[in-house]
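The chain contents come next:
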Amino acid sequence: MAYMSRRAFIGLSSTLAAGTVFGLGACSAPSANSANSQQQTSATEASQAEASGSASSSVASLTAPSQALSFDVEAGKVTLSNGVEMPTYGIGTYILTPEQAAESVFWAIEAGARLIDTAAAYNNEEGVGQGIARAIDAGLVQREELFVTTKLWNNGYSEDGVNGALERLGLDYVDLLFVHQAMGDYLHGYEIVLQAMEEEKTRSVGLSNHTNAQFVEVISALGVAPQVAQYECHPHLQRHAAQGFLAQYETQLESWFPLGGKGNTQVFLEDETILGIAQAHNKSAAQIIERWHLQEGRVIMPGSHNQDHIRENTALFDFSLSDDEMASIRSLDQNSAYYGMVGSMSQDVLESFGDYTFEA
Ligand SMILES: NC(=O)c1ccc[n+]([C@@H]2O[C@H](COP(=O)([O-])OP(=O)(O)OC[C@H]3O[C@@H](n4cnc5c(N)ncnc54)[C@H](OP(=O)(O)O)[C@@H]3O)[C@@H](O)[C@H]2O)c1
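Residues numbered from 1 in each chain as written. Predicted model: local features only at pLDDT ≥ 70, side-chain atom pairs only at ≥ 80, totals over all residues.

Undergrad: It is not clear to me how the overall build of the chain should be interpreted in this structure. Could you clarify?
TA: A tally of regular secondary structure across the chain gives 15 helices and 13 strands. Looking at the chain residue by residue over its 360 residues, the buried ones come to 49%. (Helix = DSSP H or I, 4+ residues; strand = E, 2+ residues; numbered from the N terminus. Buried ≥ 20, exposed ≤ 12 C-beta atoms within 10 Å, placed from the backbone.)

Next comes the structure, spelled out in structure tokens:
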């Protein structure tokens, strides 16, 4: 049975209940400075919110989350709800050319990062794959030690879309496959990523930039919560409510634009509060923000094409922020996003946005 082999693939050992459809439970924000906050919103709550029923899709029989999230700040790892271990920090590749992505990914692996994030829409999956291949060839790492993430655009909700991503990356499987946006037939997009998990083309699945309502719609239709969700998240858009919402489903929040995004970073890197904390720890402002994300229980993959920055972004474990320091960064929240349509997306991709507005 395909499902049994998938279990072996993701390293699960527990028996999982099949045929569960999720309902919507109450939201609760995680507590301050609690890396285990998602874990604390218990599996019991999630299961209390369950409503039994049979979903129509062939992949709907997958499973409820098998376990609570377990986010280990100091180990730099989170165990996802399906038992897969994910690094909590790594490298992002948005806006990087394929050549830049190849270099950045290699530098990041060399510096100790194991989480790599790309997307079909970034037009650099080949470059990312080259960086990975180069690092493996150099003996820096083995494929199994990496956690490679990509995302399907709405023109890729098909087996060909999944296979195309793997071919461009030069990999047999990825570790996490997202539906990039709630665009087009995103229910079908989610069905495709779940199918890819059954076929061992990905070890886990994610939703990116879906509103809470869309998130619930998808889960209700297909009967399984994603292990990870990506949203824009930084000191001016802290996403505590979203994190509490996701915790009901044991879904890990991964912050994109962790430093505010290219072109916006100065607002944080020159912020007096952050600089004061940086001075106290003899760390850079970027490291303080990154460490803050980790202590809030969020995965990060800052983008960079600067080898010094990339090294800095992996050196986050020889200091920690106090409750007061965490609270003072929390006080910077303005609930304001920085995303703008910039960068190197192809004309096809840009046109496919249509009138879509990002609402995550
Ligand atoms: N799911 C989605 O819709 C979505 C959307 C956007 C992004 N993402 C993912 O999230 C990742 C992170 O977001 P992002 O790259 O757009 O934004 P970001 O990580 O917030 O910011 C990137 C900017 O930070 C600078 N930077 C990185 N490390 C630094 C350091 N140590 N000190 C000073 N500056 C530093 C980079 O410049 P240098 O190159 O000079 O270091 C770059 O200008 C992306 O790369 C992508 O993989 C996902």
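Undergrad: It is not clear to me how the pairing of strand S8 (residues 147–152) should be interpreted in this structure. Could you clarify?
TA: Looking along a regular strand, one sees side chains alternate from face to face of the sheet. Most of S8 sits inside the fold, with 6 of its 6 residues counted as buried. Side-chain alternation along S8 places Phe147, Thr149 and Lys151 on one buried face and Val148, Thr150 and Leu152 on a second face that is also buried. Examined bridge by bridge, strand S7 (residues 115–117) and S8 share 3 bridges and lie parallel to one another. Looking at the pairing, isoleucine 116 lines up with valine 148 of S8. Handedness of the crossover is the feature at issue here: the chain leaves S7, passes through helix H5 (residues 125–137), returns alongside S8, and the resulting connection is right-handed. (Pairing = 2+ DSSP bridges. Right-handed = clockwise from strand over helix to strand, strands pointing away.)

Undergrad: Is there a simple way to think about the sheet that holds strand S11 (residues 228–232) in this case?
TA: Sheet strands associate in pairs through backbone hydrogen bonding, adopting either a parallel or an antiparallel arrangement. In spatial order, the strands read S6-S7-S8-S9-S10-S11-S12-S13; together these 8 strands make up an open sheet with parallel pairing. With one partner strand each, in any of the chains shown, strand S6 (90–92) and strand S13 (299–300) form the two edges of the open sheet. Pairing of strand S12 (residues 252–256) with S13, which is carried by 2 bridges, proceeds in the parallel orientation. Paired with glutamate 254 across the two strands is valine 299, which belongs to S13.

Undergrad: Would you explain H5 in this entry?
TA: Residues three or four positions apart in an α-helix share a direction because the helix packs 3.6 residues into each turn. Compared with an ideal rise of 1.5 Å per residue, which puts 13 residues at 18 Å, H5 spans 18 Å between its outermost C-alpha atoms and is within 8% of the ideal. Buried residues in H5 make contact with helix H4 (98–111), S7, S8 and helix H6 (159–169). Following H5 by one or two positions, glycine 139 has its phi on the positive side, about 80°. (Expected span 1.5 Å × (residues − 1). Contact = placed C-beta atoms within 7 Å.)

Undergrad: What am I meant to see in the sheet that holds strand S5 (residues 85–87) here?
TA: If you walk across this open sheet you meet the 3 strands as S3-S4-S5, and the pairing is antiparallel. The open sheet terminates on both sides in strands that have one partner only, identified here as strand S3 (70–72) and S5. Neighbouring strand axes in the sheet, compared pairwise and without regard to direction, differ in orientation by 20° on average. Pairing between strand S4 (residues 77–79) and S5: 3 bridges, direction antiparallel. Residue pairing across strands places lysine 77 opposite proline 87, the latter belonging to S5. (Axes fitted to C-alpha atoms, helices over the stretch in contact; angles between N-to-C directions.)

Undergrad: I'm lost on the environment of glutamine 181 in this one. Help?
TA: Mapped onto the secondary structure, glutamine 181 falls in the loop between strand S9 (176–179) and helix H7 (186–198). Overall, the presence of 25 C-beta atoms within 10 Å leaves glutamine 181 in the buried class. As a C-alpha pair, glutamine 181 and tryptophan 153 span 28 residues in sequence and 7.1 Å in three-dimensional space. Aside from chain neighbours lying at most four places away, what touches glutamine 181 is Asn154, Ser208 and Asn209.

Undergrad: What is the right way to look at the nonpolar core in this model?
TA: Core analysis: the largest hydrophobic core is formed by 89 residues, its most contacted members being Val105, Leu152 and Val193. Sequence-distant contacts of valine 193, that is, excluding residues within four places in its chain, are made with Leu152, Leu177, Val179, Thr202 and Val205. (Core = buried A, V, L, I, M, F, W, Y, C linked by C-beta atoms within 7 Å.)

Undergrad: So what exactly am I meant to see when it comes to the packing of H4 against H5 here?
TA: A pair of packed helices can be characterised by two numbers: the angle between their axes and the separation between those axes. Contact geometry of H4 with H5 gives a least axis separation of 7 Å together with a crossing angle of 35°. Like other packed secondary-structure pairs, H4 and H5 cross with a definite hand, here right-handed. Taking contact as the criterion, the partners of Pro98, Glu99, Ala101, Ala102, Glu103, Ser104, Val105, Phe106, Ile109 and Glu110 in H4 are, on H5, Glu126, Gly127, Val128, Gln130, Gly131, Ile132, Arg134 and Ala135. (Left-handed = near helix turned anticlockwise from the far one by under 90°.)

Undergrad: When you look at the packing of H7 against helix H8 (residues 212–222) in this model, what are you seeing that I'm missing?
TA: One can describe the packing of H7 onto H8 by two numbers: an axis separation of 10 Å at closest approach and a directional angle of 55°. Viewed along their axes, H7 and H8 adopt a mutual orientation that is oblique. Like other packed secondary-structure pairs, H7 and H8 cross with a definite hand, here right-handed. Mapping the contact onto sequence places Tyr186, Leu187, Tyr190, Glu191 and Leu194 in H7 and Val218, Ala221 and Leu222 in H8. (Parallel < 35°, antiparallel > 145°, perpendicular 65-115°, else oblique.)

Undergrad: Even after reading the chapter, I still don't get the environment of asparagine 335, so can you show me in this structure?
TA: Within the secondary structure, asparagine 335 sits in the loop between helix H14 (323–330) and helix H15 (347–352). Distance in space between the C-alpha atoms of asparagine 335 and cysteine 233 is 9.5 Å, their sequence separation being 102 residues.

Undergrad: Sorry, what's going on with unusual backbone geometry here?
TA: Trans is the prevailing form of peptide bonds, just as negative phi is the prevailing case for residues other than glycine. A positive phi angle is found at arginine 239, which is not glycine, with a value near 65°. Structurally, arginine 239 can be placed in the loop between S11 and helix H9 (240–247). Here arginine 239 falls in the buried class, since 22 other C-beta atoms lie within 10 Å of it. Even without being glycine, glutamate 250 reaches a positive phi, approximately 55°.

Undergrad: Would you take a moment to explain the environment of asparagine 123 for this structure?
TA: Here asparagine 123 lies in the loop between S7 and H5. For asparagine 123, a count of 20 C-beta atoms within 10 Å puts it in the buried group.

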